[in-house]
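Coordinate analysis (summary)
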Amino acid sequence: MLDSSAQTDRIAEILTAHRGLDGPLLPILHAIQAEFGHLPQVAIPQIAAALTLSKAEVHGVISFYHDFREAPAGRHVIKLCRAESCQTMGADAVAGRIKAALGIDWHETTPDGRVTLEPVFCLGLCACGPAAMVDGRLVGRCDETLVAEVSE
Amino acid sequence: MKIYIPLDSVAVALGADALVAALEAEADRRGVAVQIIRNGSRGMVWLEPLVEVVSDAGRLGFGPLTLADVPGLFGDLGAHPKALGLVEDLPWMKGQTRLTFARVGVIDPLSLDDYRAHGGFVGLDRAKAMSKAQIVAEVTDSGLRGRGGAGFPTGIKWKTVSEAAGDQKYIVCNADEGDSATFADRMLMEGDPFCLIEGMAIAGLACGATKGYVYLRSEYPVAIRIMNDAVRIAREAGVLGPHFDMEIRVGAGAYVCGEETSLLNSLEGKRGVVRAKPPLPALQGFMGRPTVVNNVISLASVPVIMEKGAAHYKDFGLGRSRGTIPLQIAGNVRFGGLYECAFGLTLGEIVNQIGGGTASGRPVKAVQVGGPLGAWFPPSLFDTPFGYEEFAGKDGLIGHAGLTIADDSTDMLAMARFAMEFCAIESCGKCTPCRVGAVRGVETIDRLARGDTSAIPILTDLCNTMKLGSLCALGGFTPYPVMSALTHFPDDFARSKEAAV
Ligand SMILES: Cc1cc2nc3c(=O)[nH]c(=O)nc-3n(C[C@H](O)[C@H](O)[C@H](O)COP(=O)(O)O)c2cc1C
Ligand code: FES
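This structure is a prediction, so every number in the text was calculated from the model and none was measured.

Let's talk about the site of ligand 1
Residues and elements named next belong to chain B. Surrounding ligand 1, one finds 20 residues, the nearest of these being Gly148, Asn174, Asn294, Asn295 and Ser298. Gly178 has a polar backbone atom sitting 3.5 Å from an oxygen atom of ligand 1. Elements with a contribution of two residues or more to the shell around ligand 1: β9 (291-295) and α20 (473-477). The leading source of residues in the shell around ligand 1 is β9, at three residues. Here the shell around ligand 1 spans two domains, since at least three of its residues come from each of domain 2 (112-313) and domain 4 (412-500).

Printed below as a string of C-alpha cells:
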C-alpha cells in the first residue's frame, strides 16, 4: 500500500497523462481505480482541482456508475450475470448456491476479505450462460465450483 | 501447420486460451512447427472453442475442443472425434448471408493485410472519390436503419449532421451493448475491428467530422483490447490521422448510458443522465457540436454498402427492413450464436430451425426479442416475420436483434418482476415515471405473487404511465416485457393465495 503522499503523486501523474482529452473524467477515474483497486478519498479534491469541478460534482459522477468503488474490494471479485439469457439457464440458482457457499449477498465481501460478489448485467456470453467474470477472467456455463477457484 | 483458435470472449470463456498453451506445448514436444492465429468467432457458440486447421481443401473445424482433444490434431484429422469437416460447409454457415460479418472468424482481426485481402477499405476508397452528399445518398438508398434499437434511417441522420453548420463535428459509435442476448457488437469489434474503423471513417467523410469516439462498455475487456490495438495499427498505417482520428472510451457499468444522450453526457465526463430532446444530438451532441451517434452494427454495415453499392444491400430484406440483420440467438437454446441473414425469417424458423429449440430439451415457453426492453413472444406468435414494423405490429420490437429463449420451467411473473427491478436499478433518476414507477412496479408484482389479483389493473395502469410519461425508452419500454408476460401468460400471474403462501 502506498502512503498518501505517494498516492497523491501517482494521482497527479495520472491527471497529467489525461491532459488534453475532451471529457477526461471517466478515463481518469478508470485509471485511478486500475492503479489502487478503488478510488481513494484523497483523489477527489485532486481531480476536482485539476478539472475545475466541485468535489460534489466529482463525487456525483463516481456514485452514478456501478463500476466505481470508494472502498477496496476483496482480494478476489466474482461477477455473476443476472440478466435474462443467463436466468433462463439457471443463473439465479447458481447465484443462490454461490451466496450460500460464501455466506454473503450481492455487493458484499467475505469477512476474511477474500471475495467480493457483484452482479453484472450481461457479459455478452448469452449463448453460453450462466456467465461470470472471476478476477477479470471470463467464464461460460459456470456453476458454484467457481468458488473453489478463489480459495487461497 | 496453420491453426486458428478464436480470441473471441465466448471462446475464451470456454477455454480457448488454455488450448493455445496446450497446442504449443504439444507441437513443441513433437517438434512440429505450428502457426497459431487468433481469429474472431464464427458465431457457433455450441461448438466453441472451435479450432480450425488449414488444409489443402480448406479450413477444417474441430469443436467443441477440450484439452484432451489436442494431441489428436497431430494425427489423422479425418478420424478426430471432434472433426466437423469444412467450416464453410456447415449448415449454420451456408444458410447465412454474411455481409456485415463476412470477415468475422475468417481473418486475423489485427492484420491489415488480411483485412485488405478480404475487401477491406474498398468502400472507404470509393467514398473518398465521392462528395459528402453522394455518400449520404448511397447510405440512404441502401435502406440501412439504426441497429441500436430505434431503427432510425442512418442516411437521414447523417444528412442532418452533414448539413449542420459547425467547425467541429463528431462521429460517436455506441458500443454500450447492454441488452441481454446481444453480442453482435462485441463479436464484430473482436473479430473485425477495422470494419468499424472503416465505417466510422466513411461517416466522417460524409458528415465532415474529423474526430470519432467509440463508447465501449467496461464488461467487454477483450473488445476493449482489440479495438485499442486496431486504432493504434490503423494510425500507424495512416488510415487514421489528422484527417480523421478516433479514441476508445470505456463505460462504467451503467445500462442507461446506451441511450444516446446519456452516452454523450457520460463521454463528456458527467453523470449519465438522459438529456431532453430537442436539441437532437445530430445538431448539439458531444460538447454541444453536431454529432452522429450510431450503433456498432449500423456503422460496420457501411463499408459493405459502399463496396457493393446501395442496391446490393437493399435487395435483401422485407418491407421497410432492408438488408441483413445479425440475429443473436441466446438463452436456453440448443444452437446459440450469431446468424446473419436477410430480414424476414419468422420467429419460429429462427427459434426452432436455426436455434434447434431449447438446450434443456423441454418445450419453448417464450422468447424475449430485443433485450430487457423487448416483449416476450409466445409460440402462438411464432409466425411473425423478423422486421421492424412486423414486430411493432405485435406489440414488440426487434431492438438490437437479440433473442432470449426460455423453456416451460420459466416463471413469467418472475421475468416481469425482473424487468421492473432492472429498470429500478438502472434508471438514471431524471424522470419520475421511470425512477418511481419501476419501484412501484416491483411492489405491485410482489402483490400479485402473493395472490392479490386486484393488483392487475394497477400494474396495467402503471405500465401506461411509464410508457407515456418517461423521458427515454428505459422507463418507456420496460412495460413491454411486463405487459407481454401478463397478456400472454396470465396463468403465471393468477396465483391462488394458498399457493403463494
Ligand atoms: C435505455 C437505452 C439503452 C440503449 N442502449 C443502446 C446500446 O447499448 N447500443 C445502441 O447502439 N443503442 C442503444 N440505445 C439506442 C440509442 O439511444 C440510439 O438510438 C442508438 O445508439 C442510435 O444508433 P443507431 O441509429 O445506429 O441505432 C439505447 C436506448 C435506450 C433508451
Ligand atoms: S445475459 Fe448473461 S451474459 Fe448476456
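We are not done yet, so read on.
So, the interface of chain B and chain A
Across the boundary between the two partners, chain B contributes 61 residues, which contact 36 residues of chain A. The largest share of the area that chain B buries against chain A comes from B:Ala252, B:Arg271 and B:Phe418, three residues that together contribute 16% of it. For the interface between chain B and chain A, the tally reads one salt bridge. Taken together, the links from chain B to chain A amount to 24 residue pairs in polar contact (both at pLDDT 80 or more). Per element, the largest residue contribution to the side of chain B that touches chain A is six residues, and it comes from helix α17 (residues 412-426) of chain B. When grouped by side-chain class, the residues that make up the side of chain B that touches chain A number 34 nonpolar, 16 polar and eleven charged.

Regarding the domain arrangement of chain A
Taken domain by domain, chain A consists of domain 1 (4-64) and domain 2 (76-149). Computed from C-alpha coordinates alone, the two centres of domain 1 of chain A and domain 2 of chain A are separated by 29 Å.

Some remarks on the domain arrangement of chain B
Residue and element names in this part refer to chain B. Here the domain parsing of chain B yields domain 1 (2-94), domain 2 (112-313), domain 3 (316-407) and domain 4 (412-500). Here the C-alpha centre of domain 3 lies 26 Å away from the C-alpha centre of domain 2. Opposite the 22 residues of domain 2 that make contact, domain 3 presents 25 residues. For the domain 2 and domain 3 pair, buried surface summed over both sides reaches about 1,800 Å², with 58% attributable to carbon and sulfur atoms. If you sort the residues of domain 2 by the area they bury against domain 3, Arg145, Arg147 and Tyr313 come out on top, with a joint share of 33%. Counting across the interface, domain 2 meets domain 3 through one salt bridge. Arg145 is paired through a salt bridge with Glu389; the nearest N and O atoms lie 3.2 Å apart. For the interface between domain 2 and domain 3, the tally reads 13 residue pairs in polar contact (both at pLDDT 80 or more). Those elements that place two or more of their residues in the side of domain 2 that touches domain 3 are α8 (184-191) and α14 (310-314). No other element matches the three residues that α8 contributes to the side of domain 2 that touches domain 3.

What to know about the environment of B:Leu347
Residue and element names in this part refer to chain B. The residue Leu347 is located in helix α15 (residues 347-354) in this model. Accessibility expressed as a relative area gives 0% for Leu347, which makes it buried. A C-alpha to C-alpha distance of 29 Å links Leu347 and Val293, two positions 54 residues apart in sequence. The contacts of Leu347, once residues within four sequence positions are left out, are Val367, Val369, Phe377, Leu381, Phe382, Thr384, Phe391 and Leu403.

Overview of the nonpolar core
In this structure, B:Trp158, B:Met189, B:Leu196, B:Val214 and B:Leu216 are the most contacted members of the largest nonpolar core, which totals 86 residues. The biggest single contributor to this core is helix α9 (residues 193-207) of chain B, with ten residues. Residues in contact with B:Leu216, not counting those within four places in the same chain, are B:Ala175, B:Met189, B:Ala223, B:Ile224, B:Met227, B:Ile248, B:Arg249, B:Val250 and B:Gly251. In terms of nonpolar packing, the next biggest core, distinct from the first, is built from 69 residues, A:Tyr65, B:Val293, B:Cys434 and B:Val442 among them.

Brief notes about the packing of aromatic side chains
In total, this model carries 18 aromatic pairs over all chains according to the counting rule given. Ring centres of A:Phe121 and B:Phe418 lie 6.1 Å apart, and the angle between their planes is 45°; this geometry places the pair in the tilted category. Of this pair, A:Phe121 sits in the loop between β2 (115-120) and β3 (132-134) while B:Phe418 sits in helix α17, each in a different chain. For the pair shown, A:Phe121 and B:Phe418 are each scored as buried. Consider the rings of B:Phe477 and B:Tyr480, whose centres lie 5.2 Å apart with planes at 85°: the pair is edge-to-face.

A look at α9(B)
Residues and elements named next belong to chain B. Spanning 15 residues, α9 covers 21 Å between terminal C-alpha atoms, matching the ideal 21 Å at 1.5 Å per step. The buried fraction of α9 amounts to 14 of the 15 residues, a majority that puts the element mostly inside the structure. Downstream of α9 by a residue or two, Gly208 has a phi angle that is positive, lying close to 75°.

Points about the sheet that holds strand β1 (residues 76-81) of chain A
Residues and elements named next belong to chain A. Pairing within the open sheet is mixed, and its four strands lie in the order β2-β1-β3-β4. Each edge of the open sheet is held by one strand with a lone partner, namely β2 and β4 (137-139). Direction aside, the axes of adjacent strands within the sheet are offset by 20° on average. Here β3 pairs with β4 via three bridges, running antiparallel. Paired with Ala132 across the bridge in β4 is Val139.

The rules we used
- Sequence positions are assigned chain by chain, starting from 1 and proceeding in written order.
- To label them, take the chains in the order written and letter them from A, then take the ligands in the order written and number them from 1.
- pLDDT decides what is reported in this predicted model: residues at 70 or higher carry local features, side-chain atom pairs at 80 or more are listed and counted, and totals for whole chains, interfaces and linings draw on all residues regardless.
- Values shown for side chains rest on all heavy atoms present in the structure; no hydrogens or waters enter the calculation.
- If even one non-hydrogen atom of a residue comes within 4 Å of a molecule or strand, that residue is called near it.
- Polar contact criterion, stated in full: a pair of N or O atoms within 3.5 Å, where within protein one must be able to donate a hydrogen and the other to accept it, and residues adjacent in sequence count only if both atoms are side-chain atoms.
- Runs of E in the DSSP output that reach at least two residues are strands. Runs of H or I that reach at least four are helices, and both are numbered from the N terminus.
- Segmentation of the chain into domains, including their bounds, is taken from an automatic or database domain assignment.
- Throughout, a residue-residue contact means that at least one pair of heavy atoms, one from each residue, lies within 4.5 Å.
- When two components associate, each loses some accessible surface as probed by a 1.4 Å sphere; the sum of these losses over both components is called the buried area.
- Take a side-chain nitrogen of Lys or Arg and a carboxyl oxygen of Asp or Glu: if they are within 4 Å of each other, that pair is a salt bridge.
- Each residue gets one label: Ala, Val, Leu, Ile, Met, Phe, Trp, Tyr, Cys and Pro are nonpolar, Asp, Glu, Lys and Arg are charged, and the others, such as Gly, are polar.
- Each residue is placed in one exposure class: buried if its accessible area under a 1.4 Å probe, protein chains only, is under 20% of its type's maximum, exposed if it is over 50%, and partly exposed if it falls in between.
- Residues belong to a common nonpolar core when they are buried Ala, Val, Leu, Ile, Met, Phe, Trp, Tyr or Cys residues joined through side-chain atoms within 4.5 Å.
- Geometry of aromatic contacts follows a simple scheme: Phe, Tyr and Trp rings, the Trp one being its six-membered ring, pair when their centres are within 6.5 Å, and the pair is stacked under 30 degrees between planes, edge-to-face over 60, tilted otherwise.
- What a helix should span is 1.5 Å times the count of its residues minus one.
- A pair of strands is labelled paired if DSSP reports no fewer than 2 bridges between them.
- Angles here are taken between N-to-C directions and fall from 0 to 180 degrees, while the axes themselves are lines fitted to C-alpha atoms, restricted in helices to the stretch in contact.

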